[in-house]
Structures are given as C-alpha cells and as structure tokens.
Amino acid sequence: MHDRIVVQNNPVKYIDPNGKEPVTIAVVTTYAAYTAATALAAGIVYYGTPVAEDIGTWLGNQLFNESDSDSGEETRDRPPTGSRPIDETAWSGDHQRIKGEVGAGPADNVVISPDDHIWVENPDGSFTDYGPASDYTNSGKPSGRRGKDRKCR
Amino acid sequence: MANGFLLLRFWHPTRDLSYFSSLLSMPCFRSWKEGTPRQTPIGRALTGNYPESYWSSRLEFPCKAGFSENLNFIVDKLVMEEDCIHDLKTSGGKAELYLQFPGSINNGGSIDSSLLKKLGDLGVDLLFEVFPGM
C-alpha cells in the first residue's frame, strides 16, 4: 500500500505530531485498507490520491450502516439525508393511502427522501425503503399539501 | 367533503391471507404473501422479500355520516367468522381496525360497549389517527 495514502498524499497538511488522534488515524487507515481491498478485488493497483468525495461516500455508508434485513429489505439506521416528514411534503395529501398501502400504523414515522421515496421507521428504529411515492397514487403525482399547493376538497 | 377511511388489516408470519377477500366478501386494498418479492402497488420491484403476510380492505366514509355504520358492518362480518379470526390470532397473526379521520372538519362518533366487547372478544385492535388538512 502507498505510505502516503494515510495522510492523503499530503504529509505536511495531514500529520499527527503528538499521536493524540487515534480516531482520525483509525478512520483514515481503515479507509485505506478498504480502498486497497476494493482495488485488489477489482484487479486494480491503486496509485491515485483518495479524494474527499470517495472518503465521504465510504464514511457515509459506515455511519448510516446501510444494510439488508433478514428479509433482504433495504434498511438504514436513519433515512437518507434531506428526508422530511411526509406532512411537510407535497405527498401530505396521500398520507392516509400510503399508510394503508405499506401496512404502517398511527405511531409509524413516514418520511419522504429527496428522491421522493417513501421511508418508514421500523419498531427497532431503522428505516425501510418502500419505493417511489408516485407509485402509491392513482395519478402518479402528489395530492399536495393542505392549504398550500392543493385545493380543499 | 372530506372523507375518512376504515381499514381492516391482518398480518400473519407465514399464511397466505388472500382468502379473507372471499371469506368476508370484502375487496382487497393491498396484500402480499410472506417470502414473495417486495414491490410497490404498481408492480415496481423493491429490494428483498416480505417478512410476513398482509391483507387489508379499505372502506371510505363521509365524515358527515360518521364511521359507526361501517364499523358495525365490518365487526358483524368478523363475528360471523370468529373461528377464523381466532385461528389467525392463535397461530401468530394480528388483526386490526384502523380508523383514519380527516382533520379539516369537525367529526366524531361513538363506539358503544357492546361493539367494544365484540372487538375485545375477537382480539381485534382498534387504531385511530387524524390527518390534519385532509
């Protein structure tokens, strides 16, 4: 493995002079091992400098702990960044229907991700993806929010 | 006029619950079988399989008229199939009646003690939720 990968090829900027940064070093080292393993698995020799975006993606996956449940459902410890409660989105008018469609109940937290997917909180606090909200309305479009982008019925 | 909805829902760890449509003569709103691939209502594939079976039927009621008529209608059907409901429950299943009220107008109703007793004897849970602005 390239020595300078640990300090992102910049030993001047990324140093640990007093040895008091175990977490940072552990994360970067683990990322380096992950990168090397990925490269080896792909038959690629990795010489480049890891970019912030790569680290961000990798770290995000570790933090979100994206995983599959026993049934293979896509579950996450939390919904995707930028998700909002369904009541605060244009899908608010479809809240009743969606809860019936996905088998959610009064106490279940339903949020909409930035790509308009429905995520429902499970009893253990994890979230499951139920796909595009547009699949849950007859028109494929949101009914709108009360008093804002929807006429009163 | 805003309307409310009354959902009758069953869950079971393994059983195919589609027989409830004919058993209760009620249209299925959404159902799936345990172990089958997950999908959205229009058939778009989702990751994984369903961990349990689900069946639901949905009745709409005008809030002006109230929910009592629909609730009695469903409970009477359930009482007629009491053995099946008990069998579902004792084999690990779950039965629910889910009342969804629109929150845009004043609405309400009463559930008398005899109806509550029927629900209790059947082992059917009663859920309420108000949806503001619906």
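Look up: the structure comes first, before these words.
Small disclaimer: the values here were computed from a predicted structure and weren't measured.

The next point concerns the sheet that holds strand E6 (residues 94–102) of chain B. All names here are of chain B. Spatially, E2-E5-E1-E6-E7 is the arrangement adopted by the 5 strands of the open sheet, whose pairing is mixed. A single partner strand is all that each edge strand has here, and the edge strands are strand E2 (30–32) and strand E7 (125–131). Sheet twist, expressed as the mean angle between neighbouring strand axes with direction ignored, is 15°. With 7 bridges connecting them, E6 and E7 associate as parallel partners. Note that in E7 the partner of Tyr98 across the bridge is Leu127.

Take the interface of chain B and chain A next. Taken together, the contact pairs 33 residues of chain B with 27 residues of chain A. Taken together, both faces of the contact between chain B and chain A bury some 2400 Å²; the carbon and sulfur share is 52%. Seen at the junction of chain B and chain A, the total is 3 salt bridges. Ionic pairing is found between Lys99 of chain A and Glu129 of chain B, a salt bridge with its closest N-O pair at 2.9 Å. The interface formed by chain B and chain A holds 8 residue pairs in polar contact (both at pLDDT 80 or more) in total. Broken down by secondary-structure element, the contributors of at least two residues to the side of chain B that touches chain A are strand E1 (3–12), E2, strand E4 (45–49), strand E5 (53–62), E6 and E7 of chain B. By residue number, the principal contributor to the side of chain B that touches chain A is E1 of chain B, which donates 5 residues.

Before going further, it helps to spend a moment on the packing of helix H2 (residues 68–80) of chain B against helix H4 (residues 113–122) of chain B. Residues and elements named next belong to chain B. Where H2 meets H4, the axes come as close as 10 Å, and the angle between the chain directions of the two elements is 40°. The angle between the axes of H2 and H4 places the two elements in the oblique class. Between H2 and H4 the crossing geometry is left-handed. Note on element contacts: H4 touches H2 through Leu115, Lys118, Leu119 and Leu122, opposite Leu71, Asn72, Val75, Asp76, Leu78 and Val79. Partitioned by chemical class, the residues of the contact of H2 with H4 number 7 nonpolar, 1 polar and 2 charged.

Aromatic ring pairs: the centre-centre distance and the angle between the two ring planes describe each pair. Residues and elements named next belong to chain B. Overall, the coordinates contain 11 aromatic pairs over all chains when judged by the stated rule. Ring centres of Phe10 and Phe20 lie 4.0 Å apart, and the angle between their planes is 15°; on these two criteria the pair is classed as stacked. Here the residue Phe10 occupies a position in strand E1, and Phe20 occupies one in helix H1 (residues 19–24), the gap between them amounting to 10 residues. By relative accessible area, which is 0% here, Phe10 ends up buried.

Cut-off values and rules
- Residues numbered from 1 in each chain as written.
- Chains lettered and ligands numbered in written order.
- Predicted model: local features only at pLDDT ≥ 70, side-chain atom pairs only at ≥ 80, totals over all residues.
- Heavy atoms only, no water.
- Pairing = 2+ DSSP bridges.
- Helix = DSSP H or I, 4+ residues; strand = E, 2+ residues; numbered from the N terminus.
- Axes fitted to C-alpha atoms, helices over the stretch in contact; angles between N-to-C directions.
- Contact = heavy atoms within 4.5 Å.
- Buried area = accessible area lost by both parts, 1.4 Å probe.
- Salt bridge = Lys/Arg side-chain N within 4 Å of Asp/Glu carboxyl O.
- Polar contact = N/O pair within 3.5 Å; in protein donor to acceptor, adjacent residues only side chain to side chain.
- Parallel < 35°, antiparallel > 145°, perpendicular 65-115°, else oblique.
- Left-handed = near helix turned anticlockwise from the far one by under 90°.
- Nonpolar A, V, L, I, M, F, W, Y, C, P; charged D, E, K, R; others polar.
- Phe/Tyr/Trp six-rings, centres within 6.5 Å; stacked < 30°, edge-to-face > 60°.
- Buried < 20%, exposed > 50% of the residue type's maximum accessible area, 1.4 Å probe, protein only.

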